[in-house]
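Breakdown of the fold
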Amino acid sequence: MSGSLLRWACAATVASMLAAPGPAAAAPAPSPGPLPAAGSKSVPTLLTDLQRLYREAEKATETYNATAEKLKKRRKTAGDLTRKLAVARSSLHDSRGAAGRLAREQYQGSSNISPYLRLLLARDPQHALDQGHVIRRVAQERMATVDRLVGGEKRADGLAAQARKALDEQTRLSERQKKDRDAVRTRLKNVEKLLASLSSDQLAELTRLEDTGMAKAQKTFMASGALSSKRTPSRAGDTALAYAVKQIGKPYVWGAEGPAAFDCSGLTSQAWEHAGRDIPRTSQEQWARLPRVPLKELRPGDLVVYFPEATHVAMYLGDGMVVQAPRPGAKVKVSPIAANPLLGAVRPDQGATSMKDYTPPQLPEGATGGSDTGYGAAGAPTG
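First, a word on what this report is: a plain description of the structure on this page. (Residues numbered from 1 in each chain as written. Predicted model: local features only at pLDDT ≥ 70, side-chain atom pairs only at ≥ 80, totals over all residues. Heavy atoms only, no water.)

1. Structural notes on the overall build of the protein
Put simply, the rule is: Each helix is a run of H or I in the DSSP string that is no shorter than four residues. Each strand is a run of E no shorter than two, and both are numbered from the N terminus. Residue exposure (1.4 Å probe, protein chains only): buried if accessible area is under 20% of the type maximum, exposed if over 50%, otherwise partly exposed. By definition, residues are in contact when any of their heavy atoms lie within 4.5 Å.
Counting its regular elements, the protein contains eight helices and five strands. Along the protein, helices and strands appear, N-terminal first, in the series α-α-α-α-α-α-α-α-β-β-β-β-β. Relative to its 383 residues, the protein shows a buried fraction of 42%. In the protein, 78% of the contacts between residues at least 6 apart in sequence involve partners at least 24 apart.

Here is the structure:
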């Protein structure tokens, strides 16, 4: 294998599984210098490298998702403003037409005789007074026409400025999305290159080592009493969980929200949307904006968030297991809750009553598994 391939595959400093990743919006790391060949590293070190690279890829994915979500909202805002601006300009056109007619009427009916003198000279003073009421009413209508014209011009100018700002922001977000997309692709290529450099024996040992570490972490977590009681989901939580279970076996694809593929937060957000709850798109926003719930109070349907920067999320199934879209190259599956370092949990329907009669969803054959490796290719990024 070439030295160039290995330098890209083993990029960046080795971090432990529990090490805190850098800021979510951090710029891509500088090009790494030469590192030892993969063959000279121990399997535990290679596992740490892969776990870090996967974590970096998922972190970049969630950054991409956040930008994509902002862009989607900005496009909707720009579209709404464009429609409002069209209505305002149409109204302004009508007001200008009315103002033009008013100007012509005033020009054609101009006279140097004051209304008071016309009243004194009138043959029928009562008729003149009645005409005065009409004149005042017409004058008020003319003032209203002018006010509408002035107000319409201000509204149209304001909407035009907002529309220009929204379009500028849309352009900026589109450019940022391209950079985020490139960052994801770069990190996934690093994973693919490292995997391609390993032998079949190394891959088998990686899987065995990760299975062992995951089983140990799960045993320690369950023995801690963190999940002290068995709870049932809310009705909405049951619906969301049933949706997530139906997606088991579908591939992880970064930025995907179904129906053919999902990334981690794409699965959880779509599951809860299916249950009638609109929750944030990314794992970081789900952690930041949804109500927190202690792990000892977890119930099926709650979201379990992982890593110090909330870069991964899964849905609690019950009995210490979660449904998740693990990472590139893997499929939606059931995993131990301690498969990754836990940050905490959130509940999209805080305050909803738990079901009294609850039957856990039927899992498809092969839904559970040990590690999320299978350490084949990470999968070519799309989108």
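2. Considering the pattern of salt bridges
Convention followed: The working definition used for a salt bridge is a side-chain nitrogen of Lys or Arg within 4 Å of a carboxyl oxygen of Asp or Glu.
Under the counting rule described, the total for this entry stands at seven salt bridges. Across the salt bridge formed by Glu210 and Arg327, the nearest N and O atoms sit 3.5 Å from each other. Taken together, the residues Glu210 in helix 5 (residues 200–223) and Arg327 in the loop between strand 3 (321–324) and strand 4 (333–336) connect sequence positions 117 residues apart. Pair check on accessibility: Glu210 and Arg327 agree, each one buried. Its salt-bridge partner being Arg347, residue Asp302 comes within 2.8 Å of it at the nearest N-O pair. Linking Asp302 in the loop between helix 8 (283–289) and strand 1 (303–306) with Arg347 in the segment after strand 5 (342–346), this pair joins segments that are 45 residues apart in sequence. Taken together, the shared-partner salt bridges in this structure form one network comprising Glu257, Asp263 and Arg281.

3. Observations regarding the nonpolar core
This is how it is decided: Grouping buried Ala, Val, Leu, Ile, Met, Phe, Trp, Tyr and Cys residues that are joined through side-chain atoms within 4.5 Å yields what is termed a nonpolar core.
Residues Leu241, Trp272, Leu303, Met315, Val323 and Val332 are the most contacted members of the largest nonpolar core, which totals 36 residues. Examining the composition of this core, we find that six residues originate from one element, helix 6 (residues 235–246), more than from any other. Judged by nonpolar contacts, the second largest core, of 13 residues, contains Leu298, Phe307, Ala314 and Ile337.

4. Side note on the layout of surface pockets
Cut-off, in case you're wondering: With a 1 Å grid spanning the protein atoms alone, the term cavity applies to any set of points in which a 1.4 Å probe fits but cannot get out, the term pocket to an open set with protein on both sides within 12 Å along at least five of seven lines, and the term lining residue to any residue with an atom within 4 Å of a point. Grid points are joined across faces, edges and corners, and a volume is the space filled by probe spheres set on the points. Each residue is assigned to one of three groups, with Ala, Val, Leu, Ile, Met, Phe, Trp, Tyr, Cys and Pro labelled nonpolar, Asp, Glu, Lys and Arg labelled charged, and all others, Gly among them, labelled polar.
Roughly 520 Å³ of volume is contained in the second largest pocket. Lining the second largest pocket are 23 residues; nearest its centre among them are Glu69, Pro280, Arg281, Thr282 and Glu285. At the level of secondary structure, the elements contributing two or more residues to the lining of the second largest pocket comprise helix 2 (43–108), helix 7 (264–274) and helix 8. Looking at the lining of the second largest pocket, the element that brings in the most residues is helix 2, giving seven residues. The residue makeup of the lining of the second largest pocket, split by class, is six nonpolar, five polar and twelve charged.

5. Considerations on the packing of helix 6 against helix 7
How we decide: Axis definition: a line fit to C-alpha positions, over the contact stretch in the case of helices; interaxial angles, taken between N-to-C directions, run 0 to 180 degrees. In these notes the angle categories are as follows: under 35 degrees is roughly parallel, over 145 is roughly antiparallel, 65 to 115 is roughly perpendicular, and the rest is oblique. The sense of a crossing depends on the near helix, which, turned anticlockwise from the far helix by less than a right angle, makes the crossing left-handed and, turned clockwise, makes it right-handed.
Across the interface, helix 6 lies against helix 7 with an axial gap of 8 Å and an inter-helix angle of 130°. Relative to helix 7, helix 6 is oriented oblique. Handedness of the helix 6/helix 7 crossing: right-handed. Residues Ala236, Gly237, Thr239, Ala240, Tyr243 and Ala244 of helix 6 form the contact with helix 7, whose participating residues are Leu267, Gln270, Ala271, Trp272 and His274. Grouping the amino acids of the contact of helix 6 with helix 7 by side-chain chemistry returns seven nonpolar, four polar and no charged.

6. Observations regarding the sheet that holds strand 5
Quick note on the threshold: What makes two strands pair is DSSP finding at least two bridges between them.
Ordered by their spatial adjacency, five strands build an open sheet running 4-3-2-1-5, and the pairing between neighbours is antiparallel. Every interior strand has two partners, whereas the edge strands, strand 4 and strand 5, have only one. For this sheet the average axis-to-axis angle between neighbouring strands, irrespective of direction, equals 40°. Relative to strand 5, strand 1 runs antiparallel, the two being bridged by four bridges. Looking across to strand 5, one finds that Leu303 is bridged to Val346. Its contacts with the sheet place helix 6 against strand 2 (312–318) and strand 3, and it is angled at close to 110° to strand 2.

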